[in-house]
Amino acid sequence: MLQSMSPNSVGKSDVVAFKLAEQDFCIDIGLVREIRGWSPTTVLPHAPHYVKGVINLRGSVVTVVDLSARLGFGATEPSQRHVVIIAMHEGRIVGLLADLVSDIVTVNDEHMQAVPDIASDPAREFIIGMITFEDGRILRKIDLAQLLPTPQGGAA
Amino acid sequence: MADMDEIQEMFFDECDELLEGLATGLRQMDEPGHDKETVHAVFRAVHSIKGGAAAFGLSDLVTFAHRFETVLDLLRSDKLEAAAGVMPIMHRSSDCLADLVAAARQSSEPDHDRRETLLAELDQIIAANGDGEDDLVFTPLAIDIGPVDPGGHLAEPDAGTASGTGFRIHFMPDADLYRSGNDPAALLHALAKLGEIEVMLDAEMVAPLEDWSEDQPQLKWDVLLQTDEAREEVEAIFEFVEDCCDLRIVALGGGQEPPPSGPEPDPLPPAIEDSSPAEASPVPEPAPPPRPRAAPPAESGQPGATIRVSLDRVDRLMNMIGELVIKEAMLSQVIQTAGMSEDPDVVAGLDSIRQLAGDIQESVMAIRAQPLKLVFQRMHRIVREAADATGKQVRLVTIGEQTEVDKTMVERLIDPLTHMIRNSVDHGLEDAETRRERGKPEEGTITLSAAHRSGRVQIEVSDDGGGINRPKVREIAEEKGLVAPGVALSPGEIDQLLFMPGFSSKEEVSALSGRGVGLDVVRREIMDLGGRVMIHSVEAEGTTFSIALPLTLAVLEGMLIQLCGQTMVLPINSVQETMRANPSILHGVGQGGRLLSNRGDLLPIIDLGCVFGLRDEAAPLEEGVLVVVETDSQKRAALLIDGIFDQRQVVIKSLEENYGQVPGVSAATILGDGKIALIVDPEAIVMSSSNDYARPAMALAANG
């Protein structure tokens, strides 16, 4: 995903940072395709509670996952001001509903820490690492693979 | 390297076509009185495969093709009769050749035993019937055309129609012919394509080696050509060499034909005028006659001009047309909101766009469409092998091979049809003895037919066997616990039991059909294609399986419905009728169960909102609309929805690609306002909810 990275940036990577329930999260920039404003979705029957539905992204059907619900913060009541981060994961396109995208940050891998042992918070299984900054901010890096609904009915 | 792979891929593609032609040709040769040209076509097909294979060093293929070709050559030269004993071997050789090609394509190991057996059989034929091996090309081929001397009479045809019989051609190339790179063999080959040919080489005038000069090759050929072609066709072959050879063409039947027109080495056609010889004009050389055709005419019998286009491109086009249809719908919606929908100019403009979009869509679908011939042809082999394995005599009749369906569908039909054909041979047809007793011909007939029927493609596999033994089927189903003993089942319902998973009616599982897949798999595969399977069986007369398929997998005619604030699409071809819920036709059953009496049937009412979990409580019937749908197992049900507001073509978008399957939903589509609507799968809805009703077993049966 990060083929475009130049050799002198070894040990560094770019992430897209976004806010969710007053906390800072991020995902690899290589996974992100575009960022859109919220638009109403079509509800999918029998979908997990964190799947908001599907939207039309230039002719393809894209699932929107409510990150807040997925991470256990409670369902988002989406408004015009919410954003959908369109990400590509293993050939599947998915939209991630977040409160707002705050920044694109270059992070040093050495600043990445493992997640401390904090009981069984649902958010923990979806976070692969914490990135600390000197000003005390913390970015929680999200593991997309864990987050997404597994394809149902293997016939596809 | 990559180039080579590409070329090789092309060769394999060509092989597929050639093999197809080969199989067709061989089948024609089964019929008495087949065209001689058929034999030639078959021979050419094998020969081309051999040639290509040699270029790629596929030695297995070459060896086999060569032996096969040798036998075909015997057939072609009438040394061997295309009799009953030979043709089965020819068919099997053709199958084996196809296997070898497939093996070479996948770089896998072919079935050596089978090949060896066939090679041995071919060798036997060769040994019994003649000299076959080496000089295939120039062996004088014995042709029964009666006396051959030029002026002589032919036995049958009335002399005079010179073009109807043939020519005697004397052909002695000058050294110039060789120098200019022409090859007499190529010319003779070209001649051979015009008809029956007998070539005799006259090397008498060739000087012994020590005296031989390359200026005087002195090789001479005497060719007897039996053809219906006109003289011009023959002359055309020599068109480019007529000024560097000694050529005489004499018509056979009508001996009085004037001496040839392109005769003695006449150095110059007298056409060029002498007026300005000194001028360094650009026509100093005797310009060869204009070139209306290439020297050796290209292989005859080529179909119309075609190009190979990768499927990706066509798919992309199809996608874009899908977008176009959506945009068109958006536009008409915008126009409506803008209040301009009354303007005649706008209406006319919109109409013509719609028409055009429809036409384009149809044309692209036509590009993707392929005749079912590709599938049907394979079935001949399946029948042959199945017949061999069961020891039954079976004839496959195909009807409507030219019926076209979407390419993806052609590919995905192969497996289910293969299975159904095997099933028919194995289970459907009785053995020879029983057939005799019943007064049927020993040879069973399986008919495979296809036709377009009201926007769908109907494919039928029917046999003239014993029909479904319903008591037996029932007994087995009860034994296996698929159906409760004593339940009243109609004959149709018993037939449906065949589609249940794990059902196999043959007592001993045969090598043929008993491969762990049953008709339930066939049914699932057909349903995945949006089709349905039906059985019709008459005791002692036979069974017919019919498959109804949509024409395309890309577009669907849908009814736009409203449900709990969402728009959904119901495929129109499953909708039977729609109605307002009128208390007089509604009946309650127990608690919550609601029925609709419609045309003498009682149909369960299914609240679509509840099925999809969009509302918790069943909606009051009075406010909704009832849509009666029919599933392919003739099960009917009424779906309760909030409203119907439009009917239009929708482009099918896969949900599975980015999400997964949703129960009760077959796919999604994009509406005029850019929003996504789900396409309801009535089949799945009816099935899943009838699980809650009386007969779980039957639901399973219908479910497949």
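Thresholds applied
Per chain, residue numbering runs from 1 following the sequence as it is written. Each chain gets a letter, beginning with A, and each ligand a number, beginning with 1, in the order they are written. Confidence filtering applies because this is a predicted model: local features only for residues at pLDDT of at least 70, side-chain atom pairs given and counted only at 80 or more, and all residues used for totals across whole chains, interfaces and linings. Strands are runs of DSSP state E lasting at least two residues, helices are runs of H or I lasting at least four, and both sets are numbered from the N terminus onward. Three exposure classes are used. Buried residues have 20 or more other C-beta atoms within 10 Å of their own C-beta, exposed residues have 12 or fewer, and partly exposed residues fall in between, all C-beta atoms being placed from the backbone. We call two residues in contact if the C-beta atoms placed from their backbones are at most 7 Å apart. At least two DSSP bridges between two strands are required for those strands to pair. UniProt positions are given in the numbering used here, feature names are shortened, and annotations may be inferred rather than shown by experiment. The predictor attaches a confidence to each residue, called pLDDT, with possible values from 0 through 100. In this analysis an axis means a line fitted to C-alpha atoms, helices contributing only their contacting stretch, and an angle means the value between N-to-C directions, from 0 to 180 degrees. The nonpolar class holds Ala, Val, Leu, Ile, Met, Phe, Trp, Tyr, Cys and Pro. Asp, Glu, Lys and Arg form the charged class, and all remaining residues, Gly among them, are polar. Taking the helix axis as origin, the arc is that swept by the directions to the C-beta atoms. Expected span, for any helix, means 1.5 Å times one less than how many residues it has. One nonpolar core equals one set of buried Ala, Val, Leu, Ile, Met, Phe, Trp, Tyr and Cys residues connected by C-beta atoms within 7 Å. Angular relationships are summarised with four words: roughly parallel below 35 degrees, roughly antiparallel beyond 145, roughly perpendicular across 65 to 115, and oblique for the angles in between. The handedness criterion is simple: a crossing whose near helix is rotated anticlockwise from the far helix by less than a right angle is left-handed, and one whose near helix is rotated clockwise is right-handed.

Draft legend 1. Examining the overall build of chain A more closely. Assigned secondary structure in chain A consists of three helices and eleven strands. The order of helices and strands in chain A, counted from the N terminus, is β-β-β-β-β-α-β-β-β-β-α-β-β-α. Sorting the 156 residues of chain A into buried and exposed places 31% on the buried side.

Draft legend 2. Representation of the overall build of chain B in the model. Counting its secondary structure elements, chain B contains 19 helices and 22 strands. Sorting the 704 residues of chain B into buried and exposed places 34% on the buried side. For chain B, restricting intrachain contacts to residue pairs at least 6 apart in sequence, the fraction spanning at least 24 positions comes to 68%.

Draft legend 3. Layout of the sheet that holds strand E2 (residues 23–28) of chain A. Residue and element names in this part refer to chain A. Strand order in this open sheet of six strands is E8-E1-E2-E11-E10-E9, and the pairing throughout is mixed. Edge positions in the sheet fall to strand E8 (100–108) and strand E9 (112–113), since each has one partner strand and no second. As defined by bridge partners, E9 adjoins strand E10 (residues 127–132) across two bridges and the pair is classed as antiparallel. Its bridge partner being in E10, Met 112 is matched across the sheet by Ile 131.

Draft legend 4. Looking closely at the environment of Leu 374 of chain B. Residues and elements named next belong to chain B. For Leu 374, the location among the structural elements is in helix H11 (residues 373–390). Residue Leu 374 is classed as partly exposed on the basis of its 16 C-beta neighbours within 10 Å. Taking the C-alpha atoms as reference points, Leu 374 and Val 410, separated by 36 residues in sequence, lie 7.6 Å from one another.

Draft legend 5. Structural detail: the UniProt feature "modified residue: Phosphohistidine" (unreviewed entry) in chain B. Residue and element names in this part refer to chain B. Mapped onto this structure's residue numbering, the UniProt feature "modified residue: Phosphohistidine" (unreviewed entry) falls at His 47. Tracing the backbone through its elements, the reader meets His 47 in helix H2 (residues 36–55). What makes His 47 partly exposed here is the crowd of 19 C-beta atoms within 10 Å.

Draft legend 6. Inspection of the pairing of strand E1 (residues 12–20) of chain A at higher detail. Residue and element names in this part refer to chain A. Bridge count for E1 against E8 is eight bridges, and the pairing is antiparallel. Bridging from a neighbouring strand, Ala 17 pairs with Asp 103 of E8. Bridge analysis of E1 against E2 gives six bridges, and the strand direction is antiparallel. Bridging across to E2, Lys 19 finds its partner in Asp 24.

Draft legend 7. Structural context of unusual backbone geometry. Of note in this structure, His 46 of chain A is not a glycine but carries a positive phi near 60°. Note that His 46 of chain A resides in the loop between strand E3 (32–37) and strand E4 (51–57). One non-glycine residue, Ala 540 of chain B, lies in the positive phi region at around 65°. Mapped onto the elements, Ala 540 of chain B comes out in the loop between strand E10 (532–538) and strand E11 (542–550).

Draft legend 8. Region of interest: the confidence of the model for chain A. All names here are of chain A. Per-residue confidence for chain A gives a mean pLDDT of 81, with 85% of residues at or over 70. Residue range residues 1–8 is modelled with pLDDT below 50. Its contacts to residues more than four positions away, or to other chains, number five contacts. Predicted confidence is poor over residues 152–156, with pLDDT under 50, and the contacts of this stretch with residues over four places away or in other chains come to nine contacts.

Draft legend 9. Region of the structure containing the sheet that holds strand E1 (residues 166–173) of chain B. Residues and elements named next belong to chain B. If you trace the four strands from one edge of the open sheet to the other, you get E2-E3-E1-E4, paired in antiparallel fashion. Every other strand in the sheet has two partners, leaving strand E2 (196–202) and strand E4 (245–251) as the edge strands with one partner each. If you compare each strand with its neighbour and ignore which way they point, the axes differ by 15° on average. Sheet analysis places E1 next to strand E3 (residues 220–226), joined by six bridges and oriented antiparallel. Considered in E3, the bridge of Ile 169 is made with Val 223.

Draft legend 10. Quick look at the interface of chain B and chain A. With 25 residues of chain B at the interface, the matching set in chain A holds 22 residues. Among the secondary structure elements, those contributing two or more residues to the side of chain B that touches chain A are helix H9 (311–337), strand E21 (665–670) and strand E22 (676–680) of chain B. Residues belonging to the side of chain B that touches chain A are distributed by class as follows: twelve nonpolar, nine polar and four charged.

Draft legend 11. Expanded view of the pairing of strand E8 (residues 444–453) of chain B. Here six bridges tie strand E6 (residues 394–399) of chain B to E8 of chain B, and the two strands are oriented parallel to one another. Its bridge partner lying in E8 of chain B, Thr 398 of chain B is registered against Leu 448 of chain B.

Draft legend 12. The arrangement of the confidence of the model for chain B in detail. Residues and elements named next belong to chain B. Overall, the predicted model of chain B reaches an average pLDDT of 75, with 81% of residues at or above 70. For chain B, per-element mean pLDDT is lowest for helix H19 (residues 696–703), which scores 37, and highest for E22, which scores 90. The low-confidence segment residues 132–164, where pLDDT is below 50, has 51 contacts with residues more than four positions distant or belonging to other chains. Contacts from residues 692–704, a stretch scored under 50 in pLDDT, to residues over four places away or in other chains number 24 contacts. Interface scoring of the predicted complex returns ipTM 0.79; its pTM is 0.51.

Draft legend 13. Local environment of helix H7 (residues 184–192) of chain B. Residue and element names in this part refer to chain B. Among the residues of H7, those classed as buried are Leu 187, Leu 188 and Leu 191. Buried residues of H7 fall within an arc of 95° about the axis and therefore sit on the same side. Buried positions along H7 lie against E2, E3 and helix H8 (231–237).

Draft legend 14. Representation of helix H4 (residues 87–105) of chain B. All names here are of chain B. With 19 residues, H4 extends 27 Å between its outermost C-alpha atoms, agreeing within 8% with the 27 Å of an ideal straight helix rising 1.5 Å per residue. All buried positions along H4 are accounted for by Met 90, Ser 93, Ser 94, Cys 96, Leu 97, Ala 98, Leu 100, Val 101 and Ala 104. Remark: Ser 107 follows H4 within two positions and exhibits a positive phi of approximately 50°.

Draft legend 15. Spatial organisation of the environment of Trp 212 of chain B. All names here are of chain B. Take Trp 212: it is sitting in the loop between E2 and E3. Taking the number of C-beta atoms within 10 Å as the measure of exposure, Trp 212 has 12 and is therefore exposed. Here Trp 212 is in contact with Val 206 and Ala 207, once residues within four sequence places are set aside.

Draft legend 16. Up close: the nonpolar core. Val 54, Val 65 and Leu 96 of chain A together with Ile 606, Val 627, Ala 638 and Leu 639 of chain B are the most contacted members of the largest nonpolar core, which has 82 residues in total. Every residue in contact with Val 54 of chain A, bar those within four places of it in the chain, is listed here: Thr 41, Thr 42, Leu 44, Val 61, Val 62, Thr 63 and Val 64 of chain A together with Tyr 659, Ala 668 and Ile 676 of chain B. Leu 396, Ile 421, Val 457 and Ile 547 of chain B belong to the second largest nonpolar core, which has 40 residues in total.

Draft legend 17. Structural view of the packing of H9 of chain B against helix H10 (residues 344–368) of chain B. Residues and elements named next belong to chain B. Closest axis-to-axis distance for the H9/H10 pair is 10 Å, and the angle between their directions is 165°. Taken together, the axis directions place H9 and H10 in an arrangement best described as roughly antiparallel. Read as a crossing pair, H9 and H10 show a hand that is left-handed. Across the interface between the two elements, Val 314, Leu 317, Met 318, Ile 321, Leu 324, Val 325, Glu 328, Leu 331, Ser 332 and Ile 335 from H9 touch Val 346, Leu 350, Ile 353, Arg 354, Ala 357, Ile 360, Gln 361, Val 364, Ile 367 and Arg 368 from H10.

Draft legend 18. Structural context of the packing of helix H3 (residues 59–76) of chain B against helix H5 (residues 112–129) of chain B. Residues and elements named next belong to chain B. The geometry of H3 relative to H5 is characterised by a closest axis approach of 10 Å and an angle of 35° between their N-to-C directions. By crossing handedness, the relation of H3 to H5 is classed as left-handed. In this structure, H3 uses Phe 64, Arg 67, Phe 68, Thr 70, Val 71 and Leu 74 to contact H5, whose residues at the interface are Arg 115, Leu 119, Leu 122, Asp 123, Ile 125, Ile 126 and Asn 129. Its residues assigned to classes, the contact of H3 with H5 shows eight nonpolar, two polar and three charged.

Draft legend 19. Representation of the environment of Val 680 of chain B in the model. Residue and element names in this part refer to chain B. Within the fold, Val 680 resides in strand E22. Note on Val 680: 29 C-beta atoms within 10 Å, which makes it buried. Along the backbone, Val 680 and Pro 663 are 17 residues apart, and their C-alpha atoms lie at a distance of 9.4 Å. Apart from the residues within four sequence positions on either side, Val 680 is in contact with Met 568, Val 569, Leu 570, Gly 664, Val 665 and Ile 685.

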